[in-house]
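Spelled out, the chains give:
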Amino acid sequence: MKYRIFKNETKISQMGLGFMRLPVIDGDNARIDEEKAEEMALYAYENGVNYFDSAYAYHGHMSEKFVGKIVQKNNLRDKVYLATKMPVWLAKAPEDYDRLLDEQLANLQTDYVDFYLLHSLGAGFWNNVEKQELFAFMERAKRDGRVKNIGFSFHDNIPVFKQIIDAYTWDFCQIQLNYMDENYQAGIEGLKYAADKGIFVVIMEPLKGGRLGTMLSNTMQAVFDKNDVALKPAALAMKYLFDKSEVGCVLTGASTLEQLKENVATAKTCDVGDLTDNEKQAIQELEAFYNARTKVPCTGCLYCIDDCPQRIPINIVFSLYNGRYMYENDTMAKIQYYAHVSEARRPDQCLDCGICEERCPQGIAIREKLKEAQADLESI
Ligand SMILES: NC(=O)c1ccc[n+]([C@@H]2O[C@H](COP(=O)([O-])OP(=O)(O)OC[C@H]3O[C@@H](n4cnc5c(N)ncnc54)[C@H](OP(=O)(O)O)[C@@H]3O)[C@@H](O)[C@H]2O)c1
């Protein structure tokens, strides 16, 4: 494994393991397949990964508990850095900050979190929060040792990102970045802005939630062939990030051991400045490929699903809608739509409550796009 340096002294593996898309049982996001997920975590650790990223909200609140369990069981507490995130939307009063952190420490079966993030910040939270109380909590948590480093994860535009970066002496931050998102949310400008200030930058969604990880069609394969790029799509997307000196740690969201093995192999071999001209050219052409075919910029993070009163499988509907155009295969899109989206869960069952849109980190007009997707998929 290759390592990058945090604060002049700490070696962090250039790839960390995300605990948000673990294998699950019967498609139930809250039922982690612990045997498989533990095997993945141990494989990552044994191959040099020393940064584990969880959050209160992941896997229906089961992710932190799972991390706590396997770290304890395998005696890993002083061998990996634990990162987790406070669900700021649940903090209604200042005393909630301490209550939530203490609950998270109990979930993780530890006395301290190495990297503690305010989860999914954007203008909505930032402009309304009482900052003195928030900063006082952060200082207190560091002083009493419950938290070693404070940061935030981010989903909004670049002016908001700079405003948050400038407001506090953050130890690190976490942004969404991949070759499709250079000018989206914090983007490359945000990466450089934070890195210039000495803030360690952790990357999430390196494969845009998975969409950059698969060879989708002959048209896409032709881009690789024409540019003589022998890497698999996921390896190319990860290599693009390891190539950047401003990147601190790239989180993989692998959901199978096979994917993880491939990503570990990439993280072991790729370094700053390794991306070739041919690979850069292929990436430019792939961007054009994806841009022409993406109907909805959903990354399948599932933040929208938990509170949907109709349990509409929003991520699946959008994935099928995009998939129709990406895979260039109408028959497959039609079969999968009727197989995976039951009549009772179709978009026309939406009650228009809009809760999903409040939760979406990508700012998607979900209700409108659901209607569009249903009309499109049912027209095949
Ligand atoms: N703070 C936040 O707001 C936030 C938001 C998002 C993520 N995160 C953190 O960042 C981590 C990484 O983000 P992410 O999960 O979105 O990462 P990602 O790597 O962009 O997406 C993960 C998905 O990519 C696919 N994949 C991974 N490796 C692959 C490979 N080698 N070949 C083919 N497909 C591959 C899998 O999708 P398939 O299901 O298609 O196989 C997997 O579920 C998360 O796990 C989480 O810890 C934080």
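Higher on the page you've got the structure.
Let me sum up the structure you'll find in this document. (Residues numbered from 1 in each chain as written. Predicted model: local features only at pLDDT ≥ 70, side-chain atom pairs only at ≥ 80, totals over all residues.)

**Some remarks on the site of the ligand**
Residues in contact with the ligand amount to 32 residues; listed here are only the nearest, Gly-18, Ser-153, Gly-210, Gly-213 and Gly-253. Elements with a contribution of two residues or more to the shell around the ligand: strand S8 (113-121), strand S12 (249-252) and helix H11 (257-269). The element that contributes the greatest number of residues to the shell around the ligand is H11, accounting for three residues. A breakdown of the residues in the shell around the ligand according to their chemical character gives 10 nonpolar, 16 polar and six charged. (Near = placed C-beta within 6 Å. Helix = DSSP H or I, 4+ residues; strand = E, 2+ residues; numbered from the N terminus. Nonpolar A, V, L, I, M, F, W, Y, C, P; charged D, E, K, R; others polar.)

**Re the pairing of S12**
Residues Cys-249 and Leu-251 of S12 are buried on one face, and the alternating residues Val-250 and Thr-252, pointing to the opposite face, are buried as well. Sheet topology note: the strand S3 (residues 15-18)/S12 ladder contains three bridges and is parallel. Residue pairing for S12: Leu-17 is matched across the bridge by Thr-252. With two bridges connecting them, strand S11 (residues 200-204) and S12 associate as parallel partners. (Buried ≥ 20, exposed ≤ 12 C-beta atoms within 10 Å, placed from the backbone. Pairing = 2+ DSSP bridges.)

**Observations regarding the packing of helix H13 (residues 314-326) against helix H14 (residues 330-340)**
The geometry of H13 relative to H14 is characterised by a closest axis approach of 9 Å and an angle of 170 degrees between their N-to-C directions. Here H13 is positioned roughly antiparallel relative to H14, judged by the angle of their axes. For the pair formed by H13 and H14, the contact residues are Ile-316, Leu-320, Gly-323 and Arg-324 on the first element and Asp-330, Ala-333, Gln-336, Tyr-337 and His-340 on the second. Residue composition of the contact of H13 with H14, by class: four nonpolar, three polar and two charged. (Axes fitted to C-alpha atoms, helices over the stretch in contact; angles between N-to-C directions. Parallel < 35°, antiparallel > 145°, perpendicular 65-115°, else oblique. Contact = placed C-beta atoms within 7 Å.)

**Let's talk about unusual backbone geometry**
Of note, the phi angle at Ser-120 is positive, near 55 degrees, even though the residue is not glycine. Relative to the helices and strands, Ser-120 resides in strand S8. C-beta crowding within 10 Å serves as the criterion here: with 23 such atoms nearby, Ser-120 is assigned to the buried category.

**Quick notes on the pairing of strand S5 (residues 28-32)**
Two strands pair when backbone bridges link them, and strand S4 (residues 24-25) and S5 are joined in this way by two bridges, in the antiparallel orientation. Within S5, the position partnered with Ile-25 by the bridge is Asp-28. Where S4 folds back on S5, the antiparallel hairpin that results is connected by two residues, among which Asp-26 adopts a positive phi of roughly 50 degrees.

**Quick look at helix H7 (residues 158-167)**
An α-helix turns once every 3.6 residues. As a result, residues three or four positions apart point the same way. Restricting attention to buried positions, one finds in H7 the residues Val-160, Phe-161 and Ile-164. Down the axis of H7, the buried set is contained in an arc of 105 degrees. They therefore lie on one face. Among the exposed residues of H7, those oriented more than 90 degrees off its buried face are Pro-159 and Asp-166. The inward-facing, buried residues of H7 abut S8, helix H5 (123-126), strand S9 (147-154) and helix H8 (187-196). (Arc of directions from axis to C-beta.)

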